[in-house]
Structures are given as structure tokens and as C-alpha cells.
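Residues per chain, in single letters:
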Amino acid sequence: MNENIIIINCGSQFTQLIARRLREMKIHSVILNWDASCETVASYAPKGIIISGGPKGVNDPDAIMIDKKIFELGCPVLGICYGMQLITKIFGGAVNSGTDSEYGVTLIKKSPGKNSSLLTKKIPEQFHALMSHGDNVQKLPEGFEITSTSDGGVIASIENRARKIFGLQFHPEVANTEKGDEILKSFAFEICSCSGDWDMTNWVENSIAEIKKQVGDKKVVCGLSGGVDSSVSATLVHKAIGENLQCVFVNHGLMRLNEPEEVMKQYKEIGLNVIYVDASEKFLGELAGVTDPEQKRKIIGRLFIEVFEAEAKKIQGAEFLLQGTIYPDVIESGMKGKNGAALIKSHHNVGGLPEKMNLKLLEPLRDLFKDEVRVLGKIIGMPEEIISRQPFPGPGLAVRCLGEITKQRLDVLREADFIFREELKSAGLYKNIWQAFCVLLPVKSVGVMGDSRTYNEAVVLRAIHSQDAMTAEWSRIDFDVLDKISKRICNEVKGINRVVLDVTSKPPATIEWE
């Protein structure tokens, strides 16, 4: 049986990052909703428990409350942000709301004489960490002590060593926190005594077994997009059920230049059964005049399901729809139920489904990050050209063509995007960038070409570095390369007279513009 650390999800946007950090340490983790009973938690025989952050305040009328009996299981508990405040309230301390808020990277100072703290003893006396809270601990519960404070005097960490209960006001799971991994390692290995013997190979074996059990001898229809997620999903399920998987590739008219032909060739080489459907006119027809990004995503999601169901009716015994949903999609679309994280944007995989769908949903990757999906692809023997492909949104160029979507504007965007990626490849930069693409803006500006005045649209260059799509930094591309890209786009793409560069990280921005 795997060693488990249970993560109790109170709705934080970063919950899955905690699981990701533990996986990097080869520790198996299970995420349970905040309302999981003590009996459910105990059934996993946890080595430790982590309570996540969340969007609510512990003093709110509808504040999330976990089963207090969890603290009687005897295993170590770590509360992060809301989790620390919840621990404080449960054990009789006090939390103030709306005072001393802190958002962003903050200097943390260890309390004098607290170098022996089991959680922070291996990190420097001062370090920077990401704070993201509106409430803060004002009075400690009995038996707890302060082990660090922020530069603004806010309690940053607490512990009750006797009961092995710890709290952090900051987020150790994010890349912005210095030595955050060291803190989590101290909790997992020194406090919880984990051995770190879990790997993705175990996940693959368990997943294939679960797919076989869930699907049985029924057939599955898969909507392939050409991206890494759907391709890995299809290959994984194909290993589980073989010819009972029937794939459908829908050309929605929103793909990049020459992409439909390229992906069909790749799928043929993999050996997947793929039906090609050209639904571009249907998609573009229903998107005509639509400018709201959420409405675009809902329309595309609905049409995907309609097309899949139409094809599924032709396949005798098809009962499941396979999708390449991964965890960042789930998080940004908002978790269901009272524990819901705030909606950032809907993803077509999780936000565009009709209330009544004739196919059951199969999402084997919904608990994985993009880099884990790539690792999975290598384990199951997929070609490198598919595994290393840059992420591409399910709604395609619809979320990169801001404003009204027309074939003419999409063609302009395709040409500019092709030039951008081609020049990055020529400069040897493309493989080292997580994602690079163009965004077409519905904004016109005056320009001059030759001796004539132009009044054309602008295109944005967006290139970012990331590990998991939850956070991202904009890529510093050499100015000479940018200059060449800009000149080529303006000279070769009719309808563009201005090229701008997006230098915004995530957060505060998302990777895609819509």
C-alpha cells in the first residue's frame, strides 16, 4: 500500500500544487474535499494531513469547517493559509478579519530562539514567501507558539510540537516562496516519516486498471484535439481497452496553420482509430458576432459535445466520452460544491458540458499537471514530437482572436502565429519556451507602409515559461529576434501594421488572453 499524505481541499487555487510538490518528492498524495469524514481520511492510513488555503474567511457565516475528529487520528497536521486560521479557531484562538492584509511576496523572519522548529529549522533566519490573505491570526490557541512573523508583524507560522500540529500563513507550495520545498520536505520526511518511494509508473498501472474496471467491455469515443493532453489520454485508454476506443478528430476551423493535416498524420502513426470530421462551418457560424470570451468557450464546448454525440450514435455500444482534462483546467473553471474555488475562466473540457449528456465522462488525467502528462506520455511510449508539443487551448484560436471571430481574422492570426513560432525555432529558442503564440486584437491603429496610410489591427506576441501552467513568467526573447519577427509579420501578413509584446506574468494575468 502507498504511503499517503492527505490534502484536505478548502478551495484554494493552489491545492493541486501541494500534491504536485509531494509527487516530486515521490510521496503519494490524495486530495479530499473539506467535508470528508474522519473515517474517510482514516481509511487511507495517512502519514500526515495538509489543510489547504481557501477563498473564504474562517469568520464568514458560510465558512468551511472540517471534521474536528481528524486531529484525533494522531498523525501530523499542517495548515496552510486558511488551514492555519482554521486550526487556530478550532483550538480556541482568535482570527481577525479584514486587517493587516498581505498580498504578494513578503519577507518572513524566524522568531528568536525558534531555530529548533521542526518545520523551519533548515531554512535561513529570513526568507521571502508568498502571502495571500485578508485575515490573520491574532491570538494563539493554548499549547501553540509563534515560529515566524512577516515583515509587517503578522504571524507567519505556528506550531504545537506536542501534538505535531503546524500552521503556515504563507504558501510553501508556490515557486515564489524561497525554500518552500524545504519546508514541505521537513514536514513529509522528518515530521511524517515518509520514505518517498512512489513514482508515476505506479500511477499508470493503477490508472489502466481503473479504466478497465470503469469501462468494462463498453466502447469509448474520444475527442482528439491534436494536443498533448487528449493524445496522451487516448493512448492510455487504448492500452486499457484496445479497439473499443474510437477517436474523433474535429476540425473546428480554429486550429493553427496546416495543423489538421499534421495531427491526422501523427495519429495514423500511433495506430489510433480516428474519424475526421470537418465541422468548421458549423463552429464559425455559431461563433459569428460573439465577442464575450465566456460565451465563446461555452459555445465551443457545447458544439464539441454535440459533434461527439452525433458520431457516438454511429458507434454501437459507445457509452463514454474521453476528454484530456487536466487539473489546471479544473481549478480555473472552479471546483463544484461549497468548497468551490473562485471561477477564473471556463475550459471547454469542464465548463461547456450540457446539463444532460448522453455519454458518460471519462477524464483519466484530471488530477495531473502538464509536466506530469508529458512524463506519462514517455512512460507509455509516445513519440517525442507529440509529448513535447506546446500547450494549445481546447477552444483553439477562438480565445486568441479577441473580438469577433471571422475566417478572415483567423487567417491573419494563423499567418502571424506561424511566423512567430518559425522564427523562434530558427533562433533555437522554441524548445525552451513553455508556450509561444500570437493574439489578434480588435484594436486598429494608424500606420504607414510605403507612402500610404494604413489603419490595421495589432497582434500581440505572448511567450511564457512555466512548470505546471498554474504560475508563469514571460520569456525574455532577444531583441534582434523580436525585431525580425515584427518586421516579417508587418511585411508578410496583410491586415497587421503593429506588433506588441506581452510582458505580464501569471498571476496577475492568465496565460491565454481569454
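Residues numbered from 1 in each chain as written. Predicted model: local features only at pLDDT ≥ 70, side-chain atom pairs only at ≥ 80, totals over all residues. Heavy atoms only, no water.

A. Examining the pairing of strand E3 (residues 48-51) more closely. Where burial is concerned, the two faces of E3 agree: the one with Gly48 and Ile50 and the one with Ile49 and Ile51 are both buried. Sheet topology places strand E1 (residues 4-9) next to E3; 4 bridges connect them, and they run parallel. Among the inter-strand pairings, Ile8 is bridged to a residue of E3, identified as Ile51. Direction of pairing for E3 relative to strand E4 (residues 77-80): parallel, over a ladder of 3 bridges. From the neighbouring strand, Ile49 faces E4, where its bridge partner is Val77. (Buried < 20%, exposed > 50% of the residue type's maximum accessible area, 1.4 Å probe, protein only. Helix = DSSP H or I, 4+ residues; strand = E, 2+ residues; numbered from the N terminus. Pairing = 2+ DSSP bridges.)

B. Molecular detail of the nonpolar core. Phe420, Leu424 and Ile489 are the most contacted members of the largest nonpolar core, which has 51 residues in total. Counting residues per element, this core draws most heavily on helix H9 (residues 293-312), which supplies 8 residues. In contact with Phe420, other than residues within four places in its own chain, are Ala436, Phe437, Cys438, Leu461, Arg462, Ala463, Ile477 and Ile485. Counting 36 residues, the second largest nonpolar core, distinct from the first, contains Ile208, Leu272, Leu362 and Met382. (Core = buried A, V, L, I, M, F, W, Y, C linked by side-chain atoms within 4.5 Å. Contact = heavy atoms within 4.5 Å.)

C. Inspection of the packing of helix H5 (residues 200-215) against helix H12 (residues 370-379) at higher detail. Running from N to C, H5 and H12 cross one another at 75°; their axes reach a closest spacing of 10 Å. Classified by the angle between their axes, H5 and H12 sit roughly perpendicular to one another. Judged by residue contacts, Met200, Thr201, Trp203 and Val204 of H5 engage Glu372, Val375, Leu376 and Ile379 from H12. Looking at the contact of H5 with H12 residue by residue, the classes come out as 6 nonpolar, 1 polar and 1 charged. (Axes fitted to C-alpha atoms, helices over the stretch in contact; angles between N-to-C directions. Parallel < 35°, antiparallel > 145°, perpendicular 65-115°, else oblique. Nonpolar A, V, L, I, M, F, W, Y, C, P; charged D, E, K, R; others polar.)

D. Here's a closer look at the pattern of salt bridges. On inspection of all chains with the given rule, the structure shows 29 salt bridges. In this structure, Arg20 and Glu24 form a salt bridge, with 2.9 Å as the shortest nitrogen-oxygen distance. With a gap of 4 residues between them, Arg20 and Glu24 both fall in helix H1 (residues 15-24), about one helical turn apart. For Arg20, a relative accessible area of 3% corresponds to the buried category. Classification of Glu24 by relative accessible area gives partly exposed; the value is 43%. (Salt bridge = Lys/Arg side-chain N within 4 Å of Asp/Glu carboxyl O.)

E. Seen up close, the side chain of Asn160. Mapping Asn160 onto the fold places it in strand E10 (residues 155-160). Within polar-contact distance, the side chain of Asn160 engages the backbone oxygen of Gly143 at 3.3 Å. What Asn160 contacts, discounting residues up to four positions off in sequence, is Glu142, Gly143, Phe144 and Ile165. (Polar contact = N/O pair within 3.5 Å; in protein donor to acceptor, adjacent residues only side chain to side chain.)

F. Just the side chain of Thr88, in detail. Counting through the fold element by element, Thr88 comes out in helix H3 (residues 82-90). The class for Thr88 is buried, based on a relative accessible area of 0%. Other than its neighbours up to four places away in sequence, Thr88 contacts Gly93, Ala94, Val95, Val137, Lys139, Pro141 and Ile158.

G. View of unusual backbone geometry. Residue Pro507 follows Lys506 across a cis peptide bond; omega there is -10°. By the secondary structure assignment, Pro507 is in the segment after strand E20 (496-501). The omega torsion across Pro507 and Pro508 is 15°, close enough to zero to call that bond cis. With respect to the secondary-structure elements, Pro508 resides in the segment after E20. Positive phi, normally seen in glycine, also occurs at Ala45, with a value near 50°. Examined against the element boundaries, Ala45 turns out to sit in the loop between helix H2 (38-42) and E3. Relative accessible area serves as the criterion here: at 47%, Ala45 is assigned to the partly exposed category.

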